[in-house]
Amino acid sequence: MRQTQSWGLGFASVVLCALSLIVMTYALIFMGYGFDFTDEAYYIIWIKDPFYYDYSNTQFGFVYFPLFHFLGQDPHLMRVANIVLTYGTGLILSYVTLRELDGRQHFTFLGLAQATAISTLSVAFLFWLPLSPSYNTLSLQALMLTGIGLVRAGKDMSRASVVGWILIGVGGWLTFMAKVSTAAALGPLVVLVVLLSGRWSLRGLAISTITSALLLVISAYAIDGSLTSFLDRIRLAVEISGMVGAGYSLAEILRLDGIDMTAPDWIIAIATGAVLLLAGALFRRPSAPVAGLGLAMALFCCLIAALILLRVVPSSWDIGLSARAILLAFPATSILLAFPTLFRLARAPEVGETGTIVLRNYALGLGFMALPLIYAFGSNNNYWKLAGDACIFWVLAAMLFATRSGAVLRDRDLIPYTLLAPVLALFFLQHGLAKPYRQPEPLWTNNRQVALGNPSHSLTLSSDFAAYIEEAQSGAKAAGFRPGMPMIDLSGQSPGLLYALGARNVGYPWLSGGYPGSTEIVKAALERVDCRDLAHSWVLLERTGPRMVDSSVLSVFGADVDEDFNIVAQWTTAVGAGGYSEARVQELLRPTKPPDAAVAECSASRSTSPARN
């Protein structure tokens, strides 16, 4: 009987590793495909040259800057590094969480296989494929580091505990560098979790606080030379961002969104919950035929994975952006199965060491349940849509809620959860490949390599996107534009085209149009640019574009689009560029005024305008 069970668990381990390998290989293969001209372009431009801009409400560019230049400024390699970093952090988080579920902290091959499977959900953000590193991915990586710290930190000052408190501090610092709103919500949550889990330690919290503060001061001096200048950078960003009217006010941030799931989402969520509830109950039975159950569920998951890879499902379904909220089925079913334990603890609070472990894990599980919403806090998107990026915490919360008093938690008890995790990760990845963000075609149909900014850096794009970029590159080169020259993007939605041309984005990485305050924001950004850069700046214009910025903004440095520039090239955008189905005409304008005269006029214009601090 024991040999049969061992064979069954061994087979499950192999399947878990195989599914995890398939998910990550599939993701990495397509990291060289596709390109978004808006958000993703903004991310990579900000990472490439963050020191060029003197205000920023997120500092992720500075964090990723050394890695990007170490990788030769190759956007493809940067995407790969982003996946590896995120998955690696998720793997460590999953492994340390599973090791400490019942206090045993010993190694098993099945436990490691289960950690690899759960960690595939750390790349659930590929639902938005393709995606370069951003403030969202840095925030996720930071929260996972914080999660590792919460698992390891304790009252004692052992080496493992001290490392845990330090990691909480590092995670807090990185969260601040990514999203201030998330950092503000994370601090109180950490205090609450360590208090409820019985890990409260003033020395530990002091270690975390000092670590965060020290790293923040070092960052401030590395970025701006002083803490005061760094705070001015953030203050300016808040002031300028307040002009946009894009849903970032305090009243709009403090809200409760509904879970906007489609009919297929609900079908999958209910089916997932039913499978987990049934399988979880069966695997907990002492007399359960583990080998048979494990084999049946493993084969079932392999079948679903095969159907996904063969594109039978789900690319033809209209999967909503809240689809990853179906992972809430994991902790929901785990809590249902934990009712007997909760009832027992309610009747007999003094349950000894085992009960202490259970209460500690439940407190940590509640914290993990909240982390995805902490991750989304401050976004102008539906919180549940964005929380899905961090759905790995919901699955780990289910593991923590699976702990029972009076019973040893066995690796086999977690098999239903860990087998389904990589299948759902593959499901989300397939959706990202089929419906990449602001791109009209599935990534697997892309077939043309195009150089972006650097002849040695290329991505495989759709034929329409490739033709659009190549036409713009050819026209700009014929007009005398060379990589490194400054350019002002008044299309409101084409920072990625400037990146493809090798231009330096003047004012800000993305001068976004289409918002009530866009004109004022662009003016404020241009007023902070050196007059010598503005005197040499070319202009990209899209006169009838849906997000075009009014060319009157050039008046802030004394320029006029009709008198001081010549149209030297034009081209038609690709259908789907920027997320719009219609093609538009874009014009490239070259400055005609002598640089010295342009600098003098810019200086004169600023001397008569109200000063901006």
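Our structure is the block above this text.
Residues take numbers from 1 onward in each chain, read along the sequence in its written order. Given that this is a predicted model, residues contribute local features only at a pLDDT of at least 70 and side-chain atom pairs are listed and counted only at 80 or more, while totals for whole chains, interfaces and linings are drawn from all residues. Side-chain metrics in this entry use all non-hydrogen atoms of the structure; hydrogen atoms and water are not considered.

**Student:** How do you make sense of the state of the cysteines when you look at a structure like this?
**Tutor:** What makes a disulfide is a covalent bond joining the sulfur atoms belonging to two cysteines. Cysteine sulfur atoms are paired as a disulfide whenever they fall within 2.5 Å. Enumeration according to the criterion identifies 1 disulfide in this entry. Linked covalently through their sulfurs, Cys-531 and Cys-602 form a disulfide whose S-S length is 2.1 Å. Taking the sign of the S-S torsion, about -70° here, the bridge from Cys-531 to Cys-602 comes out left-handed. With Cys-531 in helix H23 (residues 531-535) and Cys-602 in helix H24 (residues 595-607), this pair connects stretches of sequence that are 71 residues apart. What makes Cys-531 buried here is its relative accessible area of 10%. With a 1.4 Å probe rolled over the protein chains alone, any residue whose accessible area is under 20% of its type maximum counts as buried; one over 50% counts as exposed, and the rest are partly exposed. What makes Cys-602 buried here is its relative accessible area of 0%. No disulfide involves Cys-302; its sulfur sits 7.1 Å from that of Cys-301, the nearest cysteine. Secondary structure elements are defined from DSSP: runs of H or I of at least 4 residues count as helices, runs of E of at least 2 residues count as strands, and each element is numbered from the N terminus.

**Student:** What is the right way to read the packing of aromatic side chains from this model?
**Tutor:** Stacked, edge-to-face and tilted labels apply to pairs of Phe, Tyr and Trp rings (six-membered ring for Trp) whose centres lie within 6.5 Å, assigned for plane angles under 30 degrees, over 60, and everything in between, in that order. Considering all chains together, one arrives at 27 aromatic pairs under this definition. Their ring planes at 35° and their centres at 6.1 Å tell us that Trp-384 and Trp-394 sit as a pair that is tilted. With a gap of 10 residues between them, Trp-384 in helix H17 (residues 383-387) and Trp-394 in helix H18 (residues 392-401) connect regions that are remote in the sequence. You can call Trp-384 buried: its relative accessible area is 15%. For Trp-394, a relative accessible area of 1% gives the class buried. In textbook terms, an aromatic cluster arises when at least three aromatic residues are bridged by ring pairs, as seen for Tyr-42, Tyr-43, Trp-46, Phe-51, Tyr-52, Tyr-53, Tyr-55, Phe-60, Phe-62, Phe-65, Tyr-135 and Tyr-508. Consider the ring centre and the ring normal. A charge sits over the ring if Lys NZ or Arg CZ is within 6 Å of that centre and within 35 degrees of that normal. A cation sits over an aromatic face here: Lys-179 above Tyr-375, 5.4 Å from the ring centre. If you follow Arg-504 out to its NZ or CZ, it ends over the ring of Tyr-52, 4.0 Å from the centre.

**Student:** Honestly, the nonpolar core in this entry has me stumped. Any pointers?
**Tutor:** Nonpolar side chains tend to gather and get buried jointly when the protein is soluble and globular. Of all hydrophobic cores here, the largest spans 187 residues; its most connected members are Leu-327, Phe-368, Phe-393, Met-399, Ile-488 and Leu-554. Sorting elements by how many residues they give to this core places helix H19 (residues 415-434) first, with 13 residues. Excluding its chain neighbours within four sequence positions, the residues that come into contact with Leu-327 are Leu-121, Cys-391, Trp-394, Val-395, Leu-424 and Phe-428. Put simply, buried Ala, Val, Leu, Ile, Met, Phe, Trp, Tyr and Cys residues joined by side-chain atoms within 4.5 Å make one nonpolar core. Contacts are assigned to residue pairs that have any heavy atoms within 4.5 Å of one another.

**Student:** Can you help me understand helix H3 (residues 60-70) in this one?
**Tutor:** Every α-helix carries 3.6 residues per turn, so stepping three or four residues along brings you back to the same face. Of all the residues in H3, the buried ones are Phe-60, Gly-61, Phe-62, Tyr-64 and Phe-68. Seen from one end, H3 has its buried residues packed into an arc of 170°, which puts them on one side. Each C-beta atom gives one direction from the helix axis, and the arc is the one those directions make.

**Student:** How do you make sense of the packing of helix H6 (residues 135-152) against helix H7 (residues 159-178) when you look at a structure like this?
**Tutor:** For any two helices packed against each other, one specifies the inter-axial angle together with the distance between the axes. Simply put, an axis is a line fit to the C-alpha atoms, just over the touching stretch for a helix, and the angle between two N-to-C directions goes from 0 to 180 degrees. Two elements in contact, H6 and H7, have axes separated by 7 Å at closest approach and are oriented at 160°. With respect to their mutual orientation, H6 and H7 come out roughly antiparallel. Crossing of H6 over H7 shows left-handed handedness. In contact with Tyr-135, Leu-138, Ser-139, Ala-142, Leu-143, Leu-145, Thr-146, Ile-148, Gly-149, Leu-150 and Arg-152 of H6, H7 contributes Ala-160, Ser-161, Gly-164, Leu-167, Ile-168, Val-170, Gly-171, Gly-172, Leu-174, Thr-175, Met-177 and Ala-178. Partitioned by chemical class, the residues of the contact of H6 with H7 number 14 nonpolar, 8 polar and 1 charged. Should an angle fall under 35 degrees it is taken as roughly parallel, and over 145 as roughly antiparallel, whereas 65 to 115 is taken as roughly perpendicular and any remaining angle as oblique. Here is the rule for handedness: rotate from the far helix to the near one, and if that takes an anticlockwise turn smaller than a right angle the crossing is left-handed, while a clockwise turn gives right-handed. Asp, Glu, Lys and Arg are counted as charged, while Ala, Val, Leu, Ile, Met, Phe, Trp, Tyr, Cys and Pro are counted as nonpolar; the rest, among them Gly, fall into the polar class.

**Student:** Looking at this model, I keep getting lost on helix H5 (residues 109-119). Mind explaining?
**Tutor:** With 9 of its 11 residues buried, H5 lies for the most part within the structure. Those residues of H5 lying buried are Leu-110, Gly-111, Ala-113, Gln-114, Ala-115, Thr-116, Ala-117, Ile-118 and Ser-119.

**Student:** I'm lost on the sheet that holds strand E3 (residues 486-489) in this one. Help?
**Tutor:** Note on sheets: strands pair through backbone hydrogen bonds, and any given pair is parallel or antiparallel. Pairing between strands requires that DSSP locate at least two bridges from one strand to the other. Taken together, 5 strands build an open sheet; the order of strands is E4-E3-E5-E7-E6 and the sheet is mixed. Both outer strands of the open sheet, strand E4 (504-505) and strand E6 (565-572), are each paired with one neighbouring strand and no more. Of the pairings in the sheet, the one linking strand E5 (residues 538-541) to strand E7 (residues 585-591) comprises 3 bridges and is antiparallel in character. Note that in E7 the partner of Leu-541 across the bridge is Glu-587. On the sheet, helix H20 (residues 463-478) packs against E6 and E7 and is oriented at approximately 155° with respect to E6.

**Student:** Hey, could you run me through the side chain of Lys-179 in this one?
**Tutor:** Its place among the elements puts Lys-179 in the loop between H7 and helix H8 (180-196). We score Asp and Glu as negative and Lys and Arg as positive, and we do not count His or the chain ends. Should a side-chain nitrogen of Lys or Arg be within 4 Å of a carboxyl oxygen of Asp or Glu, the pair is scored as a salt bridge. Buried and without a salt bridge, Lys-179 has Asp-389 as its closest oppositely charged side chain, separated by 8.1 Å. Here a polar contact is taken to be a pair of N or O atoms separated by no more than 3.5 Å, where protein atoms must pair a possible hydrogen donor with a possible acceptor and residues adjacent in sequence count only if both atoms sit in side chains. Only 2.6 Å separates the side chain of Lys-179 from the backbone oxygen of Tyr-375, close enough to count as a polar contact. With near-sequence residues (within four places) excluded, Lys-179 lies in contact with Tyr-135, Asn-136, Ser-139, Tyr-375, Ala-376, Phe-377 and Leu-386.

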